[in-house]
Amino acid sequence: MTDGRLRAELTSIGSTSAEVALSDAPVGERLEAALLALAEHRAPRTTCPSDAARAVGGADWRGLMERTREIARDLARRGAVEVTQRGEVLDVDGAWRGPIRVRLARPGR
């Protein structure tokens, strides 16, 4: 998805998280807000962390990927999201290799 389409999606969401993601707040706050806004908006489906990085970083999104993955890990530790790979929930403190997806945490887990 293009950066412009991701920013338009965040604009259409209209949540506080989406507003922070589109603001001039520090990059870490914007990445976390974008991950949460996209996960909430796309639930029960998943979102790719690169979508948050693209929405916040534009053409320089690749440089934000490591930080975005760490923010996803922190959100998972706090119970806000689950990080998955091939449909399986990953150990929040385990080693992650390859593509991951993020979804809102399921109640009762």
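All values reported here derive from a predicted model rather than from experimental measurement. (Residues numbered from 1 in each chain as written. Predicted model: local features only at pLDDT ≥ 70, side-chain atom pairs only at ≥ 80, totals over all residues. Heavy atoms only, no water.)

Observations regarding the sheet that holds strand S2 (residues 88-89)
Note the threshold: What makes two strands pair is DSSP finding at least two bridges between them. The helix count covers DSSP runs of H or I at least four residues long, the strand count covers runs of E at least two residues long, and both are numbered beginning at the N terminus. Should any heavy atoms of two residues lie within 4.5 Å, those residues are considered in contact. What counts as an axis is a line fitted to C-alpha atoms, over the stretch in contact for a helix, and the angles between N-to-C directions run from 0 to 180 degrees.
The strand order across the open sheet built from three strands is S2-S1-S3, with neighbouring strands paired in antiparallel fashion. Two strands bound the open sheet, and with one partner strand each, they are S2 and strand S3 (101-104). Here two bridges tie strand S1 (residues 81-85) to S2, and the two strands are oriented antiparallel to one another. Paired with Thr84 across the two strands is Val89, which belongs to S2. The strands touched by helix H5 (residues 65-77) are S1 and S3; relative to S1, the strand with the most contacts, the crossing angle is about 125 degrees.

Considering the nonpolar core
Applicable threshold: Nine residue types can take part in a nonpolar core, namely buried Ala, Val, Leu, Ile, Met, Phe, Trp, Tyr and Cys, and a core is a set of them joined through side-chain atoms within 4.5 Å. Any residue under 20% of the maximum accessible area for its type is buried, any over 50% is exposed, and the rest in between are partly exposed; the area is computed with a 1.4 Å probe on protein chains only.
Leu10, Ala34, Leu35, Leu75, Val81 and Val83 are the most contacted members of the largest nonpolar core, which has 28 residues in total. The element contributing the most residues to this core is helix H3 (residues 27-42), with seven residues. Discounting chain neighbours no more than four positions away, the residues touching Leu35 are Pro49, Ala52, Thr68, Ile71, Ala72, Leu75 and Val102.

Observations concerning the packing of aromatic side chains
Rule in force here: A pair of Phe, Tyr and Trp rings is counted when the ring centres sit within 6.5 Å of each other, with Trp represented by its six-membered ring. The angle between the planes then sorts it: under 30 degrees is stacked, over 60 is edge-to-face, the rest tilted. Ring-over charges, as used throughout, are those where CZ of Arg or NZ of Lys falls within 6 Å of the ring centre and within 35 degrees of the ring normal.
All chains considered together, the criterion is met by zero aromatic pairs. Above the face of the Trp61 ring, Arg54 is positioned so that its terminal group lies 3.9 Å from the ring centre. The ring of Trp96 has Arg73 sitting right over it, with the charged end atom 3.8 Å from the ring centre.

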